[in-house]
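Working through the structure, step by step
Listed below, chain by chain, are the residues.
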Amino acid sequence: MEIWINPACSKCRSALGVLDAEGADYTVRRYLEDVPSADEIRAVLERLGLEPWDITRTQEAAAKELGLKEWARDAGSRDRWIKALAAHPKLIQRPIITADDGSAVVARTEEAVRDALSR
């Protein structure tokens, strides 16, 4: 499994703590440094079963600068959102765990991390 983290994020550090406590085998991706491509974001969204606006941190400064709150949330706007996430990775909700079974979860709670571990 892989976990996308921002080391400055307390939710990410908590998720790593749960993974370590459980002895999980995982790799860390510091997604602000190793920025996911638009195709990688599309793949993760498919695994999550979510849309790009569902994993966008709309309170970030970049989101406000882009005016994301006013962007349409429909199929025709999906690529625009994905391109924004790829160009501004700080907008991506974190942490995201891609599980061994091909699924993924936004692991903001201990319960979500344990859900990823059970897959």
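If you're wondering where the values come from, they're calculated on a predicted model, not measured in any experiment. (Residues numbered from 1 in each chain as written. Predicted model: local features only at pLDDT ≥ 70, side-chain atom pairs only at ≥ 80, totals over all residues. Heavy atoms only, no water.)

Let's shift gears to the overall build of the chain. Assigned secondary structure in the chain consists of 5 helices and 4 strands. Its helices and strands in sequence order give the chain the pattern β-α-β-α-α-α-β-β-α, from N to C terminus. Its C-alpha atoms give the chain a radius of gyration of 14 Å, within 12% of the compact-globule value 14 Å for 119 residues. Seen through its C-alpha atoms, the chain measures out along the principal axes to roughly 40 × 25 × 25 Å. Considering the chain as a whole, with its 119 residues, one finds that 44% of them fall into the buried category. (Helix = DSSP H or I, 4+ residues; strand = E, 2+ residues; numbered from the N terminus. Rg over C-alpha atoms; globule rule 2.2 N^0.38 Å. Buried < 20%, exposed > 50% of the residue type's maximum accessible area, 1.4 Å probe, protein only.)

Another aspect to go through is the packing of helix α2 (residues 38–48) against helix α4 (residues 78–87). Running from N to C, α2 and α4 cross one another at 115°; their axes reach a closest spacing of 9 Å. For the crossing formed where α2 meets α4, the hand is right-handed. Listed contacts from α4 to Ala38, Ile41, Arg42 and Leu45 of α2 are Arg78, Asp79, Ile82, Leu85 and Ala86. Across the contact of α2 with α4, the residue classes tally to 6 nonpolar, no polar and 3 charged. (Axes fitted to C-alpha atoms, helices over the stretch in contact; angles between N-to-C directions. Left-handed = near helix turned anticlockwise from the far one by under 90°. Contact = heavy atoms within 4.5 Å. Nonpolar A, V, L, I, M, F, W, Y, C, P; charged D, E, K, R; others polar.)

All right, on to the pairing of strand β1 (residues 2–5) then. One ladder, built from 4 bridges, connects β1 with strand β2 (residues 27–30); its direction is parallel. Each bridged residue has a counterpart across the sheet, and for Trp4 the counterpart in β2 is Arg29. With helix α1 (residues 10–21) bridging β1 and its parallel neighbour β2, the resulting β-α-β unit is right-handed. (Pairing = 2+ DSSP bridges. Right-handed = clockwise from strand over helix to strand, strands pointing away.)

The next subject is the nonpolar core. One broad rule of soluble globular proteins: the nonpolar side chains tend to lie buried together. Core analysis: the largest hydrophobic core is formed by 19 residues, its most contacted members being Ile55, Ile92 and Ile96. Those elements that place two or more of their residues in this core are α2 and α4. Apart from the residues lying within four places of it in its own chain, the contact partners of Ile96 are Glu2, Ile3, Trp4, Val44, Leu48, Ile55, Val105 and Val106. Among the nonpolar cores identified, the runner-up in size contains 16 residues, and Met1, Ile3, Tyr26 and Ala107 belong to it. (Core = buried A, V, L, I, M, F, W, Y, C linked by side-chain atoms within 4.5 Å.)

From the geometry alone we can't say anything about function, so treat these as descriptive.
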